Amino acid sequence: MSRHGSPQTGAKMPSQRQLRAGELIRHALVDILQRKELRDSDLAGVDITITEVRASPDLKNARVYVAPLAQGDKEKVAKAMNRCASFLRGQLGREIEMKNTPELRFVADDRFDQASRIDDLLASPSVKRDLDPGLADEGDD
């Protein structure tokens with residue numbers, strides 16, 4: 001597949017520059033969050049994981065995927081992080097060396113929930129029966 005994605009989807013793959021910038025931003029944000037400088041009441045006592053940062057091609061915007069580490073409301077965490085976005089951007093500007101510090105937009109990451117649903121589906125008896133040929137033969141007797 002070419003760097004620009006498949007012709008059917010028209011989706012462009014991120015460049016190496018975007019991927020490097022995203023990882024740089026992610027690592028810096030993790031360091032900032034570890035210092036626990038955020039004063040939002042919705043984030044009090046909540047451990048947050050940053051799963052991915054996707055930088056725009058011009059590196060002026062970054063979409064940051066966040067989720068609480070323990071059970072918690074992902075949407076509430078994302079909204080609270082968006083309220084803190086200007087503070088985090090200022091801190092980020094001091095941590096990283098980029099020409100422009102990107103605008104941050106936080107999005108709730110539901111990939112862990114999707115993976116859990118897929119695991120549950122694969123563990124269901126009807127799917128297990130279809131996946132295990134030995135079980136299918138026993139049912140034919």
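Residues numbered from 1 in each chain as written. Predicted model: local features only at pLDDT ≥ 70, side-chain atom pairs only at ≥ 80, totals over all residues. Heavy atoms only, no water.

## Remarks on the environment of Gly22
What counts is decided by this rule: A helix here means a DSSP run of H or I that spans at least four residues, while a strand means a run of E at least two residues long, and both kinds are numbered starting from the N terminus. Buried means the residue's accessible area, taken with a 1.4 Å probe over protein chains only, is under 20% of the maximum for its type, while exposed means over 50%, and partly exposed covers the values in between.
Summarising the element assignment, Gly22 is placed in helix H1 (residues 16-34). For Gly22, a relative accessible area of 1% gives the class buried. Along the sequence, Gly22 and Val64 sit 42 residues apart, while their C-alpha atoms lie 8.7 Å from each other.

## Here we look at H1
Think of an α-helix as turning once every 3.6 residues; residues three or four places apart then point the same way. Counted only if it meets this: Here a helix's expected span is defined as the number of its residues, less one, multiplied by 1.5 Å.
Over its 19 residues, H1 runs 27 Å from end to end, which matches the ideal 27 Å to within 8%, given 1.5 Å per residue. Where H1 ends, the next residue or the one after it, Lys36, has phi of about 55 degrees, a positive value.

## Considering the packing of H1 against helix H3 (residues 85-95)
The packing of two helices is summarised by the inter-axis angle and the distance between the axes. As a reminder, the rule being used: Orientation is described by axes fitted as lines to C-alpha atoms, over the contacting stretch for helices, and by angles from 0 to 180 degrees between their N-to-C directions. The labels follow the angle: roughly parallel below 35 degrees, roughly antiparallel above 145, roughly perpendicular from 65 to 115, and oblique for the rest. Less than a right angle of anticlockwise turn of the near helix away from the far helix marks a crossing as left-handed, whereas a clockwise turn marks it as right-handed. Contacts are assigned to residue pairs that have any heavy atoms within 4.5 Å of one another. Residues are sorted three ways: Asp, Glu, Lys and Arg are charged, Ala, Val, Leu, Ile, Met, Phe, Trp, Tyr, Cys and Pro are nonpolar, and all the rest, Gly among them, are polar.
H3 packs onto H1 with a crossing angle of 115 degrees between their chain directions and a minimal axis gap of 10 Å. As far as their axial angle goes, H3 and H1 are roughly perpendicular. Here H1 runs over H3; the crossing is right-handed. Touching Ile25, Ala28, Leu29, Asp31 and Ile32 of H1 are Leu88, Gln91, Leu92 and Glu95, all from H3. Looking at the contact of H1 with H3 residue by residue, the class counts come to six nonpolar, one polar and two charged.

## Side note on unusual backbone geometry
In this structure, Lys36 is a non-glycine residue whose phi angle is positive, near 55 degrees. Within the fold, Lys36 resides in the loop between H1 and strand S1 (48-55). Unlike most non-glycine residues, Leu59 shows phi in positive territory, near 65 degrees. Structurally, Leu59 is set in the loop between S1 and strand S2 (61-68).

## Side note on the pattern of salt bridges
Pairing is possible between side chains of opposite charge, provided their charged atoms come close. The cut-off we apply is this: Criterion for a salt bridge: a side-chain nitrogen of Lys or Arg within 4 Å of a carboxyl oxygen of Asp or Glu.
As enumerated under the stated definition, the model contains nine salt bridges in all. With its nearest N and O atoms 3.9 Å apart, the salt bridge here joins Lys76 to Asp42. Taken as a pair, Lys76 in helix H2 (residues 74-83) and Asp42 in the loop between H1 and S1 lie far apart in primary sequence, 34 residues in all. Here Asp42 falls in the partly exposed class, since its relative accessible area comes to 25%. For Arg83, the salt bridge is made with Asp42, and the minimal N-O distance between the two is 2.7 Å. Note that Arg83 is positioned in helix H2 and Asp42 in the loop between H1 and S1, a separation of 41 residues in sequence. Through salt bridges that share partners, Asp40, Asp42, Lys76 and Arg83 make up one connected network.

These figures capture arrangement, not role.
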